[in-house]
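Next come the chains, spelled out residue by residue.
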Amino acid sequence: MITFIPLTGFLGAGKTTTMTAAALALQEQGRKVAVITNDQGVELVDTKLVRSKLDSVAEVTGGCFCCKFEDLVEAIVALVASDSVDTVIAEAVGSCTDLQATVVRPLRQYYGDDMVVAPLTTVVDPLRHLAFARAAERGEPESDLSYLFRQQVTEADVIAVNKLDTIKPDRAEELLASLRTSNPKATVVGYSATTGAHLETLLDAWQAPATNEDVVLDIDYDRYAAAEAQLAWMNQELDLTAGEGFDATAWARTVLQELSVWAAEHDAVIGHAKITVEIADGDFAKLSLTESGAQPTLDRAAEAHAPAGRAVVNARVACEPDALDAAVTEAVKAADLATAVTSSATTPVSFKPSYPRPVHRLAPAGA
């Protein structure tokens, strides 16, 4: 019997960092853990980083788990068969919701004899939550993105507030208390996946029974689709060369800094933007950005300079695809100039996700 641990949560909440940190912690307890990444596109930056830390990694691309249900099941089966794992952690696309009905219940109903499905966990970025909350307090109409975020929180068995180290302790306690009051059926935990502080509270929550499994979201799929369509999704590859060698970390940082400035100037919400730059012998840099006007976060620095490298850019920004293409192109030019790099890119492939059409959508048992 294997354990399947589903994660959801808005873009930039730290699902991948949470998944990786939790997998490593469970391995220390003697579990054999595999993970599955998920995205609307292909060429995932997160998969590269996860594979640098874990042995058993798969990905489901081209759509969320709900629309790629068979692909998810195939990935689980393949991991169990090839690596003899007993635990699989999977993170859904950051713009996905309604997972209780479209993923959790179908897995329990059709594969319950072979699989224990842990409580559905929604990973929350406290700053993103506070931004949406402030907009509501000002009386602003609920945006489609805020609507999507609210649905993700509403359906959670476990609300996992990540990055608690980014806000003051009294504000953190206030936020946790507020979430417990507004979501009485959910278990609310706070932790930092980056530092590992209080991560054990999340692992403990996964051992408890699901408390919100009978939830039925009052979800408007047209509005859900509109929220996803607000975001342009870009996955682009670039070949980088520099005769004297270049600093891969500095190049990636400059790209994201330029994109951050552009997004702030154009009032474009950044879901997330991530870059890896791979150089020789498996060495690579990885940086990420989750807020317009903010500085990039360094997830991994390249250890050496190199004459060549390959970059992958994943960006999810609330704008039109052609605008994102142009912004990234200009950001790359700035990075090339700053680091004496010559870059050659694939054609930009920004797109908007198609209408969500889940394979299954099951009501709670007895409903």
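Conventions we followed
- Residues numbered from 1 in each chain as written.
- Predicted model: local features only at pLDDT ≥ 70, side-chain atom pairs only at ≥ 80, totals over all residues.
- Heavy atoms only, no water.
- Helix = DSSP H or I, 4+ residues; strand = E, 2+ residues; numbered from the N terminus.
- Rg over C-alpha atoms; globule rule 2.2 N^0.38 Å.
- Contact = heavy atoms within 4.5 Å.
- Areas by Shrake-Rupley, 256 points an atom, 1.4 Å probe, with all protein chains shown as cover.
- Expected span 1.5 Å × (residues − 1).
- Buried < 20%, exposed > 50% of the residue type's maximum accessible area, 1.4 Å probe, protein only.
- Arc of directions from axis to C-beta.
- Pairing = 2+ DSSP bridges.
- Axes fitted to C-alpha atoms, helices over the stretch in contact; angles between N-to-C directions.
- Phe/Tyr/Trp six-rings, centres within 6.5 Å; stacked < 30°, edge-to-face > 60°.

Caption draft 1: Seen up close, the overall build of the chain. Along the backbone of the chain there are eleven helices and 14 strands. In terms of overall size, the chain behaves like a compact globule, its C-alpha atoms giving a radius of gyration of 20 Å where 367 residues would be expected to give roughly 21 Å. Principal-axis analysis of the C-alpha atoms gives the chain an extent of 65 × 50 × 40 Å. Residue pairs in contact within the chain that sit at least 24 positions apart in sequence constitute 78% of those at least 6 positions apart. Counting every atom, the chain has about 15,400 Å² of accessible surface; 49% of that belongs to carbon and sulfur.

Caption draft 2: Up close: helix α3 (residues 69–83). Taking 1.5 Å per residue, 15 residues should reach 21 Å; α3 reaches 21 Å between its end C-alpha atoms and fits that length. Among all positions in α3, only Phe69, Leu72, Val73, Ala75, Ile76 and Leu79 are buried. End-on, the buried residues of α3 take up no more than an arc of 160 degrees, which puts them together on one face. Set apart from the buried face of α3 by more than 90 degrees, the exposed residues are Glu74, Val77, Ala81 and Ser82. Considering only its buried residues, α3 is in contact with β1 (2–8), β2 (33–38), β3 (57–60), β4 (87–91), α4 (99–111) and β5 (115–117).

Caption draft 3: Up close: the sheet that holds strand β10 (residues 270–278). Spatially, β12-β11-β10-β13-β9-β14 is the arrangement adopted by the six strands of the open sheet, whose pairing is antiparallel. Every other strand in the sheet has two partners, leaving β12 (297–300) and β14 (342–345) as the edge strands with one partner each. Across this sheet, the average inter-strand angle for adjacent strands is 20 degrees, counted without regard to direction. Where strand β9 (residues 232–246) meets β14, four bridges bridge the pair, whose relative direction is antiparallel. The residue bridging Leu238 from the neighbouring strand is Ala345, located in β14. Packed on one face of the sheet, helix α10 (residues 248–265) meets β9, β10, β11 (284–289), β12 and β13 (306–317) and runs near 160 degrees to β10.

Caption draft 4: Looking closely at the packing of aromatic side chains. Tallying each qualifying case throughout the model produces four aromatic pairs. Relative to Phe132, the ring of Phe10 lies with its centre 6.0 Å away and its plane at 90 degrees, an arrangement referred to as edge-to-face. You can see Phe10 sitting in the loop between β1 and α1 (15–28) and its partner Phe132 sitting in helix α5 (residues 126–137), a full 122 residues away along the chain. The same class applies to Phe10 as to Phe132, namely buried.

Caption draft 5: A look at unusual backbone geometry. In this structure, Asp267 takes a positive phi of about 55 degrees despite not being glycine. One can find Asp267 in the loop between α10 and β10. For Asp267, a relative accessible area of 70% corresponds to the exposed category. In this structure, Asp281 takes a positive phi of about 60 degrees despite not being glycine. Residue placement: Asp281 occurs in the loop between β10 and β11.

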